[in-house]
Amino acid sequence: MESITTAKPIKKSSFQLQQPPSSSPPRPSPLKKIILVAAIAAGIQFGWALQLSLLTPYVQLLGIPHKWASLIWLCGPISGMLVQPIVGYHSDRCTSRFGRRRPFIAAGAALVATAVVLIGFAADLGYLFGDSMANDTKPRAIVVFVIGFWILDVANNMLQGPCRALLADLSGNNQKKTRTANALFSFFMAVGNVLGFAAGSYTHLHNIFPFTTTKACDIYCANLKSCFFFSILLLLTITSIALSYVHEKPWSPETGNAGNNQGGEIEDEEEPAEATSVPFFGEIFAALKDLKRPMWILLLVTCLNWIAWFPFLLFDTDWMGREVYGGDSQGNNLVLKLYNNGVRAGALGLMLNSVMLGFTSLGVEVLARGVGGVKRLWGIVNFLLAFCLAMTVLVTKLAKSSRRFTTENGVIVPSQPTAGVKAGALSLFAALGIPLAVTYSIPFAMASIFSSSSGAGQGLSLGVLNLAIVIPQILVSLGSGPF
């Protein structure tokens, strides 16, 4: 008769949560389930595109000075730095009967809807609470707006982290499917961008919702409300369909359900592990300490990558208005008109960028095979990113050297840039969609793959990766503020 020995519970490092047994690796779910979860990105990015195209003018409409507007964008990186690791940590350990990721995704979608209503009705609520229409600055409306904006950024981070973690769970240990899932997430981000920029550029949406135009909210404000209503409808519809169709089995520390069975429900088993009773931030520091060298390299490259990206993403339309078109947001009406023309041209550039982002996202796997792997592809597109950013200097110099001045009503006004300068600037916007597609997919796929191979929790791993994204954004926002 065989003797039975009782194994002592294994104490795992802070970064580890589950390690699927090598004898029964979790099986990936059908592609249609992955597509449904990835489609949530379209709803998320629809709202982000509206923020990029409409919120900065709306902020100034409420009376916030232009030089302080960039500090409002600190909401995103600060909330991302705190919320994504926290949500990732708890989603790895959530024992809800609805699963580990789905409760956070549902809560995030509900919070997005709440935040969007607060932002859209900020002017109305400010007027209701006592703001005077005669004053340019509306302090109560600003308070409502800032609260709504913070909630929106917290909610978006609650959505994105668990969505990517759920995609990794659904992909099992299949590296190709993990890369495909993140490429699909990037593709739907592009779809959301196109929809958001298209909605933001259409100035008659408020006619669909006549009640949005009020004494405190002009046509521009009413159009913003209407755009946000469509954003809520799209996000809640996609999220409801995805969460209704894709199911997770409840996770428990004893069984470590974290994988995937044939039916697409997330489940696998391992030997009981001794839980570490370390406070959350101690867990984060321990996680960083336990990182393997490939993950550290991934974090470093991601951080440097986003230091290059954020100045362009934050000031791309402003660059078109000021440097390419020669306008000024603080100048006289003629110069301001020229600046606005440049901003609209920048919005067209962002549309082209999103289209290129979408097509490239669908071809990431093909491109990776063509150049010899995803790491090499990421390296190549980073050189393309550096080249395109360097070319913005050349376009700026060409715009200035070719600029002519005319006199209108006794005021010297720059002429429109030449067709060649416009085409060059718009070409840069489009070309940057290629490295952006890889930036939105490959690093996250690599983090998920490293996480699976080391037995780490997907949520916490992706939360740690997010730190390498938001810290550069904080530095850029502070550097471009009034200090």
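To be clear, the structure that these remarks concern was listed above.
This write-up is about the structure you can find in this document. Note that the structure is predicted; figures quoted are calculated from it, not measured.

This paragraph deals with the overall build of the protein chain. Each helix and strand counted, the protein chain has 17 helices and four strands in total. Burial analysis of the protein chain (483 residues in total) assigns 53% to the buried set. Looking at the protein chain alone, contacts between residues at least 24 apart form 78% of all its contacts between residues at least 6 apart. Total accessible area on the protein chain stands at roughly 21,300 Å², and carbon and sulfur atoms take up 66% of it.

Once that is clear, we can look at the side chain of S186. Within the secondary structure, S186 sits in helix α8 (residues 175-201). Note on S186: relative accessible area 0%, which makes it buried. A distance of 2.7 Å separates polar atoms of two side chains, one belonging to S186 and the other to S361. At 3.5 Å, the side chain of S186 forms a polar contact with the backbone oxygen of A437. Apart from residues no more than four positions distant in its own chain, S186 is found in contact with L357, S361, A437, Y440 and S441.

Take the packing of helix α12 (residues 333-362) against helix α15 (residues 419-431) next. Direction vectors running N to C along α12 and α15 enclose 35 degrees, while the axes themselves pass 7 Å from each other. The way α12 lies across α15 gives a crossing that is right-handed. Counting all contacts with α12, which are made through A345, G346, L348, G349, L350, L352, N353 and M356, the residues of α15 involved are L426, F429 and A430.

Relative to strand β4 (residues 411-414), strand β3 (residues 405-408) is paired through four bridges, and the arrangement is antiparallel. Counted as the bridge partner of E408 is V411 from β4. Between β3 and the antiparallel strand that follows it, β4, lie two residues; N409 among them carries a positive phi value of about 55 degrees.

On the surface, L300, L304 and I307 cluster together into a nonpolar patch covering about 290 Å² of accessible area. Inspection of the secondary structure puts L304 in helix α11 (residues 293-324).

Quick notes on the rules
Residues numbered from 1 in each chain as written. Predicted model: local features only at pLDDT ≥ 70, side-chain atom pairs only at ≥ 80, totals over all residues. Heavy atoms only, no water. Helix = DSSP H or I, 4+ residues; strand = E, 2+ residues; numbered from the N terminus. Buried < 20%, exposed > 50% of the residue type's maximum accessible area, 1.4 Å probe, protein only. Contact = heavy atoms within 4.5 Å. Areas by Shrake-Rupley, 256 points an atom, 1.4 Å probe, with all protein chains shown as cover. Polar contact = N/O pair within 3.5 Å; in protein donor to acceptor, adjacent residues only side chain to side chain. Axes fitted to C-alpha atoms, helices over the stretch in contact; angles between N-to-C directions. Left-handed = near helix turned anticlockwise from the far one by under 90°. Pairing = 2+ DSSP bridges. Patch = residues over 30% accessible without salt bridge, like charges linked within 9 Å, V, L, I, M, F, W, Y side chains within 5 Å. Salt bridge = Lys/Arg side-chain N within 4 Å of Asp/Glu carboxyl O.

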